[in-house]
Amino acid sequence: NDSLIENNTMNSEVALNTYGIYLNEGNSNVIENNSIDWNSTAAVSAGIYMSAGLLVNNNVTNNSISSYAAGGSFTAGIEFYSLGNFSNNIFHSNIINARSSSNVASGFYLQNYGTFEDNLFNSNVIDVSTIDNSYGYQFLGYASPESNTIFNDTITVFSSDSGASV
């Protein structure tokens, strides 16, 4: 909670589940101006991952994220998992490049089982590609979205086999 993560350059290539930034608490964090190049040669990869019961008042701004997963694994530029409240978060001017050699790739992967409201996604550039399913935004869970805004994003998704979805 209340973390400031800014102006970092992060690079990794490993064969395990790997995350550029991993926060286990999700309230009032600022993640800005980071360059993250994160690769897994055989497992899950995500540039930024946050998990908590409450994910509120976070600001993720002006990050450059490249995430790659090989070997049939999932990748996401930004991944959030919440069992409770996901609200009042800002995602602004992030550049996300997510690639997987064969499984699902998502620019934003947001899984929520509580409230999902009043979040702002704007001016993000998302480029996603995989053999199977590609998503610019992938929202999962039991939450009923209310008053969320996505605008002025540039989203490119590509799937050479199953499907692609914005």
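This structure is a prediction, so every number in the text was calculated from the model and none was measured. (Residues numbered from 1 in each chain as written. Predicted model: local features only at pLDDT ≥ 70, side-chain atom pairs only at ≥ 80, totals over all residues. Heavy atoms only, no water.)

J.: Explain the overall build of the chain here, please?
T.: Scanning the chain from N- to C-terminus turns up 0 helices and 21 strands. In terms of overall dimensions, the chain has a C-alpha envelope of 35 × 30 × 30 Å along the principal axes. In the chain, which comprises 166 residues, the share counted as buried stands at 46%. Of the contacts made within the chain by residues no fewer than 6 positions apart, 81% connect residues no fewer than 24 positions apart. A total accessible area of about 7,100 Å² is found for the chain, and carbon and sulfur atoms account for 47% of it. (Helix = DSSP H or I, 4+ residues; strand = E, 2+ residues; numbered from the N terminus. Buried < 20%, exposed > 50% of the residue type's maximum accessible area, 1.4 Å probe, protein only. Contact = heavy atoms within 4.5 Å. Areas by Shrake-Rupley, 256 points an atom, 1.4 Å probe, with all protein chains shown as cover.)

J.: Any chance you could explain unusual backbone geometry here in plain terms?
T.: Peptide bonds are mostly trans, and most non-glycine residues show a negative phi. Of note, the phi angle at Ser93 is positive, near 55°, even though the residue is not glycine. In this structure, Ser93 sits in the loop between β11 (90-92) and β12 (95-100). According to the relative accessible area criterion, Ser93 is partly exposed, its value standing at 23%. Phi is positive for Asn152, which is not a glycine, with a value near 60°. Checked against the element boundaries, Asn152 lands in the loop between β19 (149-151) and β20 (154-159). Accessibility expressed as a relative area gives 56% for Asn152, which makes it exposed.

J.: Looking at this structure, I do not really get the environment of Asn7. What am I missing?
T.: Here Asn7 shows up in the loop between β1 (4-6) and β2 (9-14). Residue Asn7 is classed as exposed on the basis of its relative accessible area of 54%. Linking Asn7 and Phe158, residues 151 residues apart in sequence, is a C-alpha distance of 30 Å. With residues near it in sequence (within four places) discarded, Asn7 still touches Glu32, Asn33 and Asn34.

J.: Explanation requested: the sheet that holds β12 in the structure shown.
T.: Two strands in a sheet stick together by hydrogen bonds in their backbones, pointing the same way (parallel) or opposite ways (antiparallel). Here we have 6 strands laid out as an open sheet, ordered β2-β6-β9-β12-β16-β20, and parallel in their pairing. Of all strands in the sheet, those with a lone pairing partner are β2 and β20, marking the two edges. Between one strand axis and the next, the sheet turns through 5° on average, direction left out of account. By the bridge criterion, 5 bridges tie β12 to strand β16 (residues 125-130) in an arrangement that is parallel. Within β16, the residue paired with Ile96 across the bridge is Ile126. (Pairing = 2+ DSSP bridges. Axes fitted to C-alpha atoms, helices over the stretch in contact; angles between N-to-C directions.)

J.: Please clarify how the side chain of Asn58 should be interpreted in this entry.
T.: Secondary-structure assignment places Asn58 in the loop between β7 (45-56) and β8 (59-61). By relative accessible area, Asn58 is classed as buried at 2%. Excluding residues within four positions of it along the chain, Asn58 makes contact with Gly26, Asn27, Ser28, Asn29, Met50, Asn88, Asn89 and Ile90.

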